[in-house]
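Okay, here's what each chain looks like letter by letter:
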Amino acid sequence: MSYLRKHVLVAVLALAALLASILGTRSLQQAITGCRDLYRVDTIGSQMESDLEYQAQESRRSFFYALAITDPNDQLPYLYEGHAATVQLAEAIERLRHLAPDMTGFADQFERVWRVYERERDEIVARLLEGDTAAAIRLDQQRGQPAFATAMRELRALKSRLEVRARQESLQVDQTLKRSAVGLGAFVLCTLLIVALLSKANHDRRVALESLHANNLVLAEARRMEQQRASVLEMVSKHASLSRTLTEIVEMAPQSNARAGAAIWAAAGQFLHFQVAANLPQELTEVLRQLSLSRTDETSGPSGEVEVRRSVLPRTSGLEVSESRVLHDAGGRVIGMLQVFAPGQDAAVRANVLDQMAHLAAVGIENTLLYERLAFQAQHDTLTELPNRLLFQDRVQQALQLARRHRKKAALLWIDLDRYKQINDTLGHRVGDEVLCEVGRRLKGCLRESDTVARVGGDEFTVLAHDVNSPADADLVCSKILTALSRPMLSGEHAVTVTASIGVSIFPEHGQDPIALMRHADLAMYMAKHHGGNAHNLFSPALGDSMHKRLQIEQELIAALEHGEFTLHYQPLTDRTGRLAGLEALLRWTNATLGRVSPADFIPIAEEMGLIQNIGDWVLRTACDAGARWLGAGLEVPNIAVNVSAVQFVAKDLASIVKRVLTSTEFPAGKLVIEITESALMNNIEQTLEQMAALRDLGVRFAIDDFGTGYSSLSQLRNLPVDCLKIDRSFVKDLDSSGSGSTTLVRGIIGLAHSLDLEVVAEGVETQEQLTLLGAMGCDINQGFLLFKPMPAEEIEKLLVTQPDTRVDDVLSLA
Amino acid sequence: MGRILLTLGLLIGFSRAAGVASFAVVVHPSNPITSLRLRDLQAMFGGVTKQWEHGPKVVLIERQPESPSFRFLMGRLLNTSASEYKRNLASIEFKGETPVTLKVLNSEATACKYMFYVPGAIALVETGSLSTPECSQLKVVRIEGKLPAEDGYRLR
């Protein structure tokens, strides 16, 4: 029955009940009225009996008593009683009128005849009291008794009327009662139907309320789960400990089944390790704690293994595995497992709770793993997975505290791979990366478990060795490392051999803190590399001093050009006749703090700092400017040689810079000689050749400086657009007349140059013997303190003024 | 009427407090008489007047000889003695005249009850009895135009 129909029926029945109740009530009301009337009639009837007739008779009786005696003192009480009865009779008549107004006429009639009797009686009483008893008796017989009889007849007539009326009322009441019974029956029936329907509706409502209550419970449960979920996610977001988070999750198990417990495993390496359990017996928890599950791939999962071990569970706890969920991260990798246990006879669990637990557990574990990974990455090198500089410094800090407490030493090794850049450039970054990984592995293989290896830069590694007794122990470690690294490394089809330079600093001698120790080890490494690499070097305070000086140079060098601290000196070159054959521009730096700094000290630093480009430009421009000025002054200016570093040559715009300088200064390109060292020339031969070709097109000449110290390929030398070879001063220094090796080499170089149609300049000529020997060997041009020292531009200008007549001999004599 | 009774009550209370006896003349309520002269009263109680003007026979109500009202009747109103009074009444009867109807009653209350039943009755009662239920329905007659509570009332 539809809801609407049910309510319509209830409404109809209610209406019917209402009508029935109205009819029934009206009938009942009529019946009650009838009953009341009937009662009244009966009451009146009984009053007739008890009051009217009685009082009348009483009045009469009292009168007779009084009549029987003569003493008024005795008569009066009876007369008074009779009078009282008469009064009560009057009151009864009045009540009759009131109770039965329709009987008023009959009452009036009775009262009238009673009054007649009263009057007669009063007169008789008066006679009696006056003492005339005989007259009184006679009067009573004549008039009193008849009047009383008349009154009694009226009274009986009245009573008869009342009885008739009572019978009529009774019949009417019977009928009314029947009607009211029918009405009330209908009312009761309808009421019962309504009650039944209302009861049914109430039952439906109760069912609906119970359903609503159940829904509310579900909603409350859902809200609770949502709160728990929010709580867990908050814990996850705040990086609460994994065990705390997972405990919060497993404690949700009773929501899936009141008697359920749960346990969670989380990934660590290749296994899933037990983490937490809740609502499980202690012995079962202990069994589960021993289960380390294999972290297999997604398809198989660890549940198979649990399935195998499941058989042990009933023996220990009586519980069964109700449900299990393999937990995956966003990438689908297995990161954990959730098991819910419940008694065998009541093993059903609510899937939505289980799903939420699994989801939250997966989020918590994944977040923790991610967080751990991030923490690892923050402190480790991603390529080699070795600690990075940050973690290494922390480890060193801790190691130093321990060493300080136990009065022990520790060694810090700074390892830099030699020519690693060449490996990267020639074999590619992939091979370079593999080499770095292999270096990391080999370094770890050389050290104790307690020692730390870190990668702190591109090809830079550091090692912290604990409990080093002496520098000799550190030497031993270094040798071991160098030996390990020297073994060829196979990367694909390439076999790569690397060497390394190692600097060592010892705590506490070489520093009290990680920064100092690392800096000193780095300095020591630098020295090892400076000496050719594949070696190790122990830091020393002297090394520290030199590096201190280097640091000062670095600081002052930055602003030197801007402050005009550089000057150019020019060293004249002479031919075999002693005449001026050229000038070499030499850079001089005079600093307010450092004083005069040797170019050998600051040029490499300037190259490393990238300042050499600007300095080189300044030198070129200054030299050309001076040459142009001298030419403009009408002086005969020889070729001016300017040293250009390898760094300038690598820069692709050298030719354009030279061209711009020559154009702006109007110095002839043919008088400009660019000197480049043999080693610089050979390091970047292809790029250098390209630059030289461009410069050659401008008309610029070239000289190879420090010839003999590098590894020039003679075949390449033949193809270079070089005009001059400058024999390194080290060969000139060792020249003697006995025909030593150097003499032979110098002779060979001169012969080679001449065979290639190149001029030869001997540098560092400081003695007459050297000059004589060089002359004898056919050296074209000489340069050295024996002939001319470098001098400022002003002095050169004076020299040029006198040049046509100036010879070396003159100069020497002047000197 | 109420005011009269109140005045009577106050007077009675005052008289008793002062030790002065006072008497009232009462008749049946249906009796039309409202005032009597002292002489008329003496004539009624002396047996001279035996019928009311409106018709009924005068019925004298008296108390026992030792009662205050009887002594007042004898001593102050009729100025005679009890025996002389009886003799006088008897002589009236012996003369063949209509005898005087006289009823001696035991108490003031009985006297009042009696008077209620006899329309021609007249009685001399103590004013203190007027407030009793039995006497309150009777009519108090003015004597020489005055009620018992008024000044100059003669039956004190």
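In the block above lies the structure referred to throughout.
Rules used in this analysis
Residues numbered from 1 in each chain as written. Chains lettered and ligands numbered in written order. Predicted model: local features only at pLDDT ≥ 70, side-chain atom pairs only at ≥ 80, totals over all residues. Heavy atoms only, no water. Helix = DSSP H or I, 4+ residues; strand = E, 2+ residues; numbered from the N terminus. Buried < 20%, exposed > 50% of the residue type's maximum accessible area, 1.4 Å probe, protein only. Contact = heavy atoms within 4.5 Å. Disulfide = S-S within 2.5 Å. Salt bridge = Lys/Arg side-chain N within 4 Å of Asp/Glu carboxyl O. Axes fitted to C-alpha atoms, helices over the stretch in contact; angles between N-to-C directions. Parallel < 35°, antiparallel > 145°, perpendicular 65-115°, else oblique. Nonpolar A, V, L, I, M, F, W, Y, C, P; charged D, E, K, R; others polar. Buried area = accessible area lost by both parts, 1.4 Å probe. Polar contact = N/O pair within 3.5 Å; in protein donor to acceptor, adjacent residues only side chain to side chain. Core = buried A, V, L, I, M, F, W, Y, C linked by side-chain atoms within 4.5 Å.

Describing the overall build of chain B
Tallying secondary structure elements over chain B gives 6 helices and 6 strands in all. Helices (α) and strands (β) of chain B occur, in sequence order from the N terminus, as α-β-β-α-β-α-α-β-α-β-α-β. The buried share of chain B, taken over its 156 residues, is 46%. Sequence-distant contacts, at least 24 apart, represent 72% of the contacts inside chain B between residues at least 6 apart.

Regarding the state of the cysteines
On inspection of all chains with the given rule, the structure shows 1 disulfide over all chains. Shown here is the disulfide that connects C112 of chain B with C135 of chain B, its sulfur atoms set 1.8 Å apart. Here the disulfide of C112 of chain B and C135 of chain B is right-handed, its torsion about the S-S bond being about 90°. In this pair, C112 of chain B sits in helix α5 (residues 108-117) while C135 of chain B sits in helix α6 (residues 133-136), placing the two residues 23 residues apart along the sequence. Under the relative-accessibility criterion, C112 of chain B is labelled buried at 0%. Here C446 of chain A is not cross-linked by a disulfide; its sulfur's nearest cysteine counterpart is in C478 of chain A, at 10 Å. Relative accessible area serves as the criterion here: at 9%, C446 of chain A is assigned to the buried category. This cysteine, C624 of chain A, is not joined by any disulfide, and C724 of chain A carries the nearest cysteine sulfur, 18 Å off.

Remarks on the pattern of salt bridges
All names here are of chain A. In this structure the tally under the stated criterion is 37 salt bridges over all chains. The shortest N-O distance in the salt bridge between R115 and E118 comes to 2.6 Å. With a gap of 3 residues between them, R115 and E118 both fall in helix α3 (residues 104-130), about one helical turn apart. Judged by its relative accessible area of 31%, R115 is partly exposed. With a closest N to O distance of 3.0 Å, R333 and D329 form a salt bridge. Through salt bridges that share partners, E94, R97, D108, E111, R115 and E118 make up one connected network.

Remarks on the packing of helix α4 (residues 133-237) of chain A against helix α9 (residues 351-379) of chain A
Residues and elements named next belong to chain A. The contact between α4 and α9 brings their axes to 10 Å, and the two run at 10°. With respect to their mutual orientation, α4 and α9 come out roughly parallel. Within the contact between the two elements, α4 uses M225, E226, R229, V232, L233 and V236 and α9 uses N352, V353, Q356, L360, V363, G364 and N367. Partitioning the contact of α4 with α9 into residue classes produces 7 nonpolar, 4 polar and 2 charged.

Considering the environment of H510 of chain A
Residues and elements named next belong to chain A. Summarising the element assignment, H510 is placed in the loop between β11 (500-507) and α14 (514-530). Looking at H510, the relative accessible area reads 12%, which means it is buried. In the structure, H510 is positioned 284 residues away from E226 in sequence and 60 Å away in space, judged by C-alpha atoms. Filtering out sequence-adjacent residues up to four positions away, H510 remains in contact with V504, S505, A516, L517, H520, L538 and F539.

Notes on the side chain of R588 of chain A
Here R588 of chain A is to be found in strand β14 (residues 580-591). Those residues in contact with R588 of chain A that lie beyond four places of it in its chain are E565, F566, T567, H569, R596, P599 and P790 of chain A.

Description of the interface of chain A and chain B
Between chain A and chain B, the residue contacts involve 12 residues of the former and 14 residues of the latter. In this assembly, chain A packs against chain B so that about 1200 Å² is buried in total across both faces, 65% of it on carbon and sulfur atoms. Counting across the chain A and chain B interface gives 1 salt bridge. For K57 of chain B, the salt bridge identified is with E130 of chain A, shortest N-O distance 3.6 Å. Applying the counting rule to chain A against chain B returns 8 residue pairs in polar contact (both at pLDDT 80 or more). The set of elements that each furnish at least two residues to the side of chain A that touches chain B consists of α2 (72-99) and α3 of chain A. It is α2 of chain A that contributes the most residues to the side of chain A that touches chain B, 6 residues altogether. Here the side of chain A that touches chain B is composed, by residue class, of 7 nonpolar, 3 polar and 2 charged.

So, the nonpolar core
In this structure, Y570, W630 and L672 of chain A are the most contacted members of the largest nonpolar core, which totals 81 residues. With 9 residues, the single largest contributor to this core is helix α17 (residues 612-632) of chain A.

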